Amino acid sequence: NERKFIEAALKKGLRVDGRSAMKMRKVQIDFGRKSGSVEVSIGKTRVFAATSADVVKPYPDRPAEGFLRLYADFSPMASPYFEHNRPSKRSVSIARMVERGIRESNAVDTESLCILSGNRVWEIRCDMRVVDDDGNIGDCANLAAIASLMHFRRPDVTVVGDRVTIHSVEKRQPVQMAFHHIPIMTTLAFFQDDDELAALDPTRKESAIATAELTYTVNKHKEICGIHKVGGTPLSPGQVTKYANAAITNAQNLTELLLEKLEKEEKEQQQRARRGESIYTNPIEAFVDNVEKAPEKMEEEDEEGDNKESAEALKVEKKIE
């Protein structure tokens with residue numbers, strides 16, 4: 001049957017799709033015109049990610065740190081195993097693994113998201129949506145989230161005393177997210193409870209017959225940010241180190257690919273700017289807060305002196321008071 005065929009091929013160092021055991025499928029990264037929008041595909045597995053920003057109050061015990069939220073949505077169109085608004089154990093596990101790999105490794109500098117200590121900080125939200133599932137969703141979602149966060153540009157701000165001004169993209173160049181490092185997930189599947197019979201970047205069929213899966217989150221500096229194992233195949237310390245080296249090599253390759261894509265996208269944005277086109281199509285919302293009247297509610301308020309300007313000029317700059 002199909003299980004025996006896949007396992008027999010792996011024993012010979014071959015796979016059904018023609019890859020070797022430690023080779024990844026083709027990775028494609030496509031950025032949208034909207035800041036923070038990206039579609040990542042690994043083989044036939046596709047994940048769309050989008051990042052947005054809001055202004056909120058910080059936690060009292062961390063007054064100078066912003067927030068990073070990651071959410072994953074598994075569309076029923078991606079796989080018959082996903083149900084609308086009813087996440088399975090597998091989907092919840094994948095979502096948490098992606099979130100831990102980025103948040104708990106302190107990949108994003110949350111202190112750089114502070115606007116006014118103890119008063120206002122940026123809340124960055126990254127939404128991931130699985131479009132097609134052909135195996136290894138976690139690695140694809142991780143790469144999509146990282147690419148989206150690195151592509152995203154938040155509005156620039158000016159702080160004078162307790163007065164905060166948020167500038168539109170037409171007025172000021174938007175600001176890039178600050179990263180400490182780039183954590184990349186790499187998943188390996190094991191078969192027949194044999195730690196020697198392993199395959200990197202498993203397809204959906206390979207995952208279905210695997211006895212265990214091991215996921216590393218590492219960066220190009222050879223730092224291990226996390227290890228997650230599902231299944232009962234025992235692994236010796238030597239094998240864990242061996243596959244960690246394979247994960248590091250894969251992370252270095254994907255990081256290089258991602259940075260190349262981001263550099264190319266930046267050049268295309270500069271060309272659009274020289275042609276007079278809008279670099280980012282998403283509008284920058286204004287966040288205005290009157291602390292005395294409504295501590296928990298944000299209200300829109302026109303900038304002083306703009307009352308005599310046109311309706312278009314009113315969109316240029318708004319303030320938080």
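Residues numbered from 1 in each chain as written. Predicted model: local features only at pLDDT ≥ 70, side-chain atom pairs only at ≥ 80, totals over all residues. Heavy atoms only, no water.

Once that is clear, we can look at the overall build of the protein chain. Within the protein chain one finds six helices and 15 strands. Expressed as a percentage of its 321 residues, the buried residues of the protein chain come to 44%. Sequence-distant contacts, at least 24 apart, represent 70% of the contacts inside the protein chain between residues at least 6 apart. Here the protein chain displays about 16,800 Å² of accessible surface, and carbon together with sulfur accounts for 48% of that area. (Helix = DSSP H or I, 4+ residues; strand = E, 2+ residues; numbered from the N terminus. Buried < 20%, exposed > 50% of the residue type's maximum accessible area, 1.4 Å probe, protein only. Contact = heavy atoms within 4.5 Å. Areas by Shrake-Rupley, 256 points an atom, 1.4 Å probe, with all protein chains shown as cover.)

Evaluation of the coordinates by the stated rule reveals two aromatic pairs. Ring centres of Tyr59 and Phe67 lie 4.8 Å apart, and the angle between their planes is 85°; this geometry places the pair in the edge-to-face category. Its relative accessible area of 8% is what places Phe67 among the buried residues. Geometrically, the ring pair formed by Phe190 and Tyr243 is edge-to-face, given 5.3 Å between the ring centres and 75° between the ring planes. Highlighted residues: Phe190 in strand β11 (residues 184-191) and Tyr243 in helix α5 (residues 237-274), separated in sequence by 53 residues. Overall, the relative accessible area of 3% leaves Tyr243 in the buried class. (Phe/Tyr/Trp six-rings, centres within 6.5 Å; stacked < 30°, edge-to-face > 60°.)

Time to look at the nonpolar core. Formed by 62 residues in total, the largest nonpolar core has its most connected members in Ile29, Ile102, Met128 and Leu258. Counting seven residues, the second largest nonpolar core, distinct from the first, contains Leu10, Ala189, Phe191 and Leu197. (Core = buried A, V, L, I, M, F, W, Y, C linked by side-chain atoms within 4.5 Å.)

In this section: the environment of Thr217. Mapped onto the elements of the fold, Thr217 is located in strand β13 (residues 212-218). Setting aside residues no more than four positions away along its own chain, Thr217 makes contact with Gly101, Pro183, Ile184, Met185, Glu223, Ile224, Cys225 and Gly226.

As defined by bridge partners, strand β8 (residues 157-160) adjoins strand β9 (residues 163-167) across four bridges and the pair is classed as antiparallel. Counterpart to Val159 in the pairing with β9 is Val164. The loop that links β8 with its antiparallel partner β9 comprises two residues; one of these, Gly161, has a positive phi angle of about 65°. (Pairing = 2+ DSSP bridges.)

Moving on, we get to the pattern of salt bridges. If you walk through the whole model with that rule in mind, you get 18 salt bridges. For Glu206, the salt bridge goes to Arg15, with nearest N and O atoms at 2.8 Å. Of this pair, Glu206 sits in helix α4 (residues 204-209) while Arg15 sits in the loop between α1 (2-11) and β1 (27-31); the two residues are 191 residues apart in sequence, bridging distant segments of the chain. With a relative accessible area of 5%, Arg15 lands in the buried category. The partner of Arg172 in a salt bridge is Asp156, with the nearest N and O atoms 3.2 Å apart. With a gap of 16 residues between them, Arg172 in the loop between β9 and β10 (175-176) and Asp156 in the loop between β7 (153-154) and β8 connect regions that are remote in the sequence. One network of salt bridges, with partners in common, ties together Asp17, Arg19, Arg25, Asp134 and Asp201. (Salt bridge = Lys/Arg side-chain N within 4 Å of Asp/Glu carboxyl O.)

Non-glycine residue Asn106 carries a positive phi angle of around 55°. Positive phi, normally seen in glycine, also occurs at Lys222, with a value near 70°. As for its position among the elements, Lys222 is in the loop between β13 and β14 (224-231).

Below, the discussion takes up the sheet that holds β13. Taken together, four strands build an open sheet; the order of strands is β12-β11-β13-β14 and the sheet is antiparallel. Both edges of this open sheet fall to β12 (194-200) and β14, since each of them pairs with a single strand only. Averaged over all adjacent pairs, the angle separating strand axes in this sheet is 25°, with direction ignored. Where β13 lies against β14, seven bridges are found, and the strand directions are antiparallel. Paired with Val218 across the bridge in β14 is Ile224. The strands touched by helix α2 (residues 89-103) within the sheet are β11, β13 and β14, with β14 carrying the most contacts at an inclination of about 165°. Sheet strands touched by helix α3 (residues 137-151): β11 and β13. Its angle to β11, the strand with the most contacts, is close to 175°. (Axes fitted to C-alpha atoms, helices over the stretch in contact; angles between N-to-C directions.)

So, about the environment of Ser88. Looking at where Ser88 falls in the secondary structure, it is placed in the loop between β4 (67-74) and α2. With a relative accessible area of 24%, Ser88 lands in the partly exposed category. On a C-alpha basis, the gap between Ser88 and Phe74 in space is 9.3 Å, while along the polypeptide they are 14 residues apart.

We now examine the packing of α3 against α5. Look at α3 against α5: their axes get within 11 Å of each other, and the N-to-C directions meet at 35°. The chirality of how α3 crosses α5 is right-handed. Of the residues in α5, those in contact with Leu143, Ile146, Ala147, Met150 and His151 of α3 are Leu254, Leu258, Leu259, Leu262, Glu265 and Gln269. For the contact of α3 with α5, a count of residues per class yields eight nonpolar, two polar and one charged. (Left-handed = near helix turned anticlockwise from the far one by under 90°. Nonpolar A, V, L, I, M, F, W, Y, C, P; charged D, E, K, R; others polar.)

Functional significance is not addressed by these values, which are geometric in nature.
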